[in-house]
Amino acid sequence: MFLSMNWISDYVDLEGLDKKELIARFSLSCAEVENEIFYKGSDISGIVVAKIISVLPHPESKKLHLLKVDIGSGEPVDVVCGAPNVREGMKTAFAKLGAHIGDIEITPRQLAGYTSNGMCCSEKEIGISDDHSGIMEITDDVALGTDLKDIYDIDDIIFEVDNKSLTNRPDLWGHYGIAREFAAMAERPLKPLDVCDLSQYDSLPGIDMKIESDKCFRYSCLKIENITKNVSPVNMRIRLFYCGMRAINLLADITNYIMLDMGQPMHAFDSRKVEKIRIKTFDKPFEFTTLDGVERKIDENTLMICNDNEPVAIAGIMGGLDSEIVEDTTTLTLESANFDAVSVRKSSVRLAHRTDASQRYEKCLDPEMCVTAIAHFVKILTDIDNGVKVVSRVTDDYKHHFDKVCLEFKKAYVDRYTGIEISNDKIVKTLTGLGFGVTLTGDDFKVDVPSFRATKDVTIKADIIEEITRIFGYDNFAQHTTATPLYPIRSDVVKSVEDRIKDICVHEFKLNEVHSYIWASYDELKELGIKVEDNVKLINSTNPNIETLRRSMIPTQLCQVKSNFQYAEDFGIFEIGHVVQGLDADNNCVEKKLLGITLFSKTKDLETLYYELKDIVDGICDSTKHKTPEYKTSKTDKDYIHPKNFNTILVDGKAVGTMGVAHPFVVSKIDKKANVVFAEIDVNEFSSVEKAAINYVEPGKFPAINIDLSFVTNRFAPIGEALKEVDSPLVKKVSVVDVYGEGDDKSVTVRISFAHDERTLTREEVNEVIAKLTEILAKKNIIIKE
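Residues numbered from 1 in each chain as written. Predicted model: local features only at pLDDT ≥ 70, side-chain atom pairs only at ≥ 80, totals over all residues. Heavy atoms only, no water.

Chemist: Tell me about the overall build of the protein, and please be specific about residues and values.
Modeler: From N to C terminus, the protein includes 22 helices and 36 strands. The C-alpha radius of gyration of the protein comes to 38 Å, more than 25% above the 28 Å expected for a compact globule of 786 residues. Over its C-alpha atoms, taken along the principal directions, the protein stretches across nearly 120 × 85 × 60 Å. When burial is assessed residue by residue, the protein has 48% of its 786 residues classed as buried. (Helix = DSSP H or I, 4+ residues; strand = E, 2+ residues; numbered from the N terminus. Rg over C-alpha atoms; globule rule 2.2 N^0.38 Å. Buried < 20%, exposed > 50% of the residue type's maximum accessible area, 1.4 Å probe, protein only.)

So, in C-alpha cells, the structure goes:
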C-alpha cells in the first residue's frame, strides 16, 4: 500500500521533523516499509500556468499546431504542439525554457521547420496521472506564470508498506490510521477528520433499506441530489495517482479517496437504478456482471446488495455494471457498510477477484466508521460542489456490535514484561496518543480499547505491552545477555539423514539444490507432454493451473531442467521436498518427504549417465547407512518414465526408492540431443533403515589376484546374485569395468578381486570359484564371452 506524507501531514503537524527518519521509525515500530522511498515532483521544475492565446494549423502537418502562449512574463512565446485538445483561451501547464522534466531540459527545438520555445505538458509528462490523451487543462482561477508546484501538491514523499504486515491491523488501511501512529511517535496531537454534521438531516425521510443476512454487520446509506460537477479537483487526482489509483469521476473518486483516507470502502449507486436496498444471499447460483465488465458466477454463499430482488453489487467486493455512476448521474445513493470478514474473504477467493475494498473488509474493519465515512464524504462533496442537496437522513441498521474490550493491569506487570523502567506518564501518553482510554489510579491502569483496535487486534494485556514498547522503541532497550540455560538436544534421525544427504549431493557429487512448490503446474507439465496425475486438489484455488498436489518430485524436476538446460551442457539437481500420495482411511493427506535427483547431459551417453546416477545413490547409501543398495527391475505406467529402464532401489530388502530414465518423448521436449535420468528416494523409509556398524579390516599382507570376466548379458544384477550364491571368502571386491555392444551382442565386464588373509592364493583356488560362478550363470543362459 502506497502512502503519502502530504496526506499524513493533513492530520498531524510534522513541521521541523525529518520525514525520512519518521518513516524508518514507523518501519521499526509498526509495519514494514519497503526499501525505496519515492520523492514525487523532485525531478520537475520550471512548469508554470500559461494561456494559449492563438492556435494556427501547421502548414505542413495535419497533427501539429502553431501556438502563441502567454506565460505571464512579457511577450507571448511561440510553441509547436501536437496535442489534439489545444484551443484558444485554454489554460495549461507549460514548461518554460530551462525547465526540467525528469532528465530532460527544455531548450528551443526545431519541429517541422518551426522553433518551439517550450512545451505544453500533459498530466502524464508532469507525473501526476497516467493521462496522455492531451495537454493538461487548468480550470482553477490562478494567475498566469504561477509555478505549478505553488498551487498543486506535486511535491510529495511516497512510501510503500508491505500489506502482509498490516494483516492484524485493520485500522492502518487508511492514511488517518497511519497518521495516528506518526502522531504517537512524534508526540504531537492528531487532528480530527473533517466531517459534516449529519444530525441536520434527521428530519428528512429515510431510505427503504433492509438487512436480510447475518453476514452484514452494519449498513448505512444516504441519498444526495443536484450533483453538477463530474471532475475531481487536481490535488485529489494527484493523491489518488500517487497512491496507485486512477481518477474516474468525482463521485467514484471521493469514495476511493475516503477508502485511502479512512480505510473504509464505500460505494456510490446511481439513485435512478437503486430504490429499495436489500442485503441478502440467493438460493440459486446466477451470473452477475461487475463494474470491470466481467461476468461472474454468484453462488448461494455470496452476499449481494440488491435493488429489491435485482442484484446491483457484490457486498464488500465490487459494484455492478448496471448501477454504476455515469456522466449524467446527478443523484446518488451512498453506501457505507460493514460485512463479515470471513464471508468477504471466502467470496473473493471463490470469485478469484480481490479488490482494494475486499482486502480491507477481510481484515475485520471497525463498524463504527460507517456513519463517520458518510459525514466525511458529504463534507468533501459539498466543499467541491456546494449546490448539492442531501434529500434523506442517514438510514443506519447496526446488526452486529463487537464486544467492548477493557483491560486492567499494574505497573509491575509492565516492568516485568519489558525489563526496563517506563514511567507512568510515558505509558499514559503513549496509549492516549494511540486512541486508548486510560484511567490511572496509583500504579493501577484501566485501559479501554478503542473500537478500531478491538475487532481482532488488542484483546489481552500482553497486547498493551506491545503497544507501549513499540512506541517507546525496541532499539531503546538495553541489551542484556540471557541467563537462560541452554541444553544440547539430540538431532532428529530423519533431519540428520537429510542434512547428510544434502552435504553428499553438493560436496561429493556437485549437484545443485533447488526448491519448488508442492503442487503440480499444469501449464509447465503440458509443455513436456506430461499429464497431471489425479490427486488431492486445493479447494477454492485461485489458479486452476496449480490446484492439484503432486504425487512425485520427478515431473517438477523435469520442468526445472527444461527451464535451465540452456545454461549448461551437463548438470544435476536435487531437492528434498514434499508430495501427497492420495488420502488415508481418515481422509487425511498421505504426505511424504522424498529426495529427488535428476541428471541432464548433452555430452554423455545414456549408459554413462545412468551409472553416474547409480554411483550417487550408492554413495548416499554408503555414507549414511554403510550399506550397498540393490536394484530390482520394475514396471511403471508413468508417461514420463522409460518403461524398460526402471528399477526399485532396495536397502536391506526394503524398497526405499526408484531410479529410471526419462521417456524419450519428454526428453525431446527439452533437448533432442540430451539424456535425462532420475532417482527418487523416500527419506523417511530410508532413514528407518538400521545403520550398519563399521568393521575395520586389516589390509591383506598377501597380493590379490584381479580377474576380468566378460559375460554375455545386458545386466549386472544376475552376476551379483550368482556371486552371492557362490559365497566365497576369497572374493574381496567386485566392480563393473565396462558394458560393451548393443542388443544380443551386449556384454558386461566385471573385475573380481581375490585374496587370502593368511597366505598367497593359488591359481587353482581362483579357478574353482570362477568355475562355480560360471556354472550358476550358465543355468541362467549367461555365458562367458569368448
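On we go from here.
Chemist: Report on the pattern of salt bridges, specifying residues and quantitative values.
Modeler: Between side chains of opposite charge, a pair can form when the charged atoms approach closely. Applying the stated rule across the entire model yields 49 salt bridges. A salt bridge links K654 to E685, with the shortest nitrogen-to-oxygen separation between them at 4.0 Å. Of this pair, K654 sits in strand β32 (residues 654–662) while E685 is found in helix α20 (residues 683–687), placing the two residues 31 residues apart along the sequence. Members of the salt-bridge network, linked through shared partners, are R169, D171, E181, R453, D457, E467 and R470. (Salt bridge = Lys/Arg side-chain N within 4 Å of Asp/Glu carboxyl O.)

Chemist: Before we move on, could you go through the sheet that holds strand β36 (residues 747–754) and cite the residues and values that matter?
Modeler: Pairing in this open sheet of three strands is antiparallel, and the strands run β34-β36-β35 from one edge to the other. The open sheet terminates on both sides in strands that have one partner only, identified here as β34 (705–711) and β35 (731–740). The mean inter-strand angle of the sheet, taken between neighbouring strand axes irrespective of direction, is 20°. Bridge analysis of β35 against β36 gives eight bridges, and the strand direction is antiparallel. Counterpart to V731 in the pairing with β36 is F754. (Pairing = 2+ DSSP bridges. Axes fitted to C-alpha atoms, helices over the stretch in contact; angles between N-to-C directions.)

Chemist: Go over the sheet that holds β32 with me, naming the residues and quoting the values.
Modeler: Strand order in the open sheet formed by seven strands is β27-β28-β29-β33-β32-β31-β30, and the pairing between neighbours is mixed. Looking along the sheet, the strands with just one partner apiece sit at the ends: β27 (512–513) and β30 (630–633). Across 12 bridges, strand β28 (residues 570–583) lies against strand β29 (residues 589–601) in antiparallel orientation. Following the sheet pairing, I573 is matched in β29 by T598. This element, helix α18 (residues 606–625), spans β29, β30, β31 (641–651), β32 and β33 (675–682) of the sheet and lies at about 20° to β33. (Contact = heavy atoms within 4.5 Å.)

Chemist: Lay out the pairing of strand β21 (residues 332–339) with the relevant residues and their values.
Modeler: Summarising burial for β21: eight of the eight residues are buried, a large majority. Side-chain alternation along β21 places L332, L334, S336 and N338 on one buried face and T333, E335, A337 and F339 on a second face that is also buried. In this structure, strand β13 (residues 216–225) lies alongside β21, joined through eight bridges in antiparallel fashion. Residue pairing in the sheet places I224 in a bridge with L332 of β21. Summarising the sheet, strand β14 (residues 266–270) and β21 pair through five bridges and their orientation is antiparallel.

Chemist: Please set out the packing of aromatic side chains residue by residue, giving values where relevant.
Modeler: Under the counting rule described, the total for this entry stands at 18 aromatic pairs. For the ring pair Y474 and F477, a centre distance of 6.3 Å and an interplane angle of 45° mean the geometry is tilted. Each member of the aromatic cluster is reached from another via a ring pair, and the members are F409, Y413, Y417 and F445. Geometry around Y413 places K461 over its ring, the cationic atom sitting 4.6 Å from the centre. If you follow K625 out to its NZ or CZ, it ends over the ring of F686, 5.9 Å from the centre. (Phe/Tyr/Trp six-rings, centres within 6.5 Å; stacked < 30°, edge-to-face > 60°. Lys NZ or Arg CZ within 6 Å of the ring centre and 35° of its normal.)

Chemist: Explain the nonpolar core to me, and be specific about the residues and the numbers.
Modeler: Counting residues in each nonpolar core, the largest one holds 115 residues, and the members touching the most others are F159, F182 and Y219. Every residue in contact with F159, bar those within four places of it in the chain, is listed here: M1, F2, L3, M5, I8, I23, F26, V33, I37 and F182. Among the nonpolar cores identified, the runner-up in size contains 30 residues, and V497, I620, I649 and I681 belong to it. (Core = buried A, V, L, I, M, F, W, Y, C linked by side-chain atoms within 4.5 Å.)

Chemist: Give me helix α6 (residues 234–242): which residues, what numbers.
Modeler: Counted residue by residue, α6 has seven buried out of nine residues, so it is predominantly covered. Inspection of α6 places V234, M236, R237, I238, R239, L240 and Y242 among the buried residues, and these make up the whole buried set. G244 sits one or two residues past α6 and shows a positive phi near 95°.

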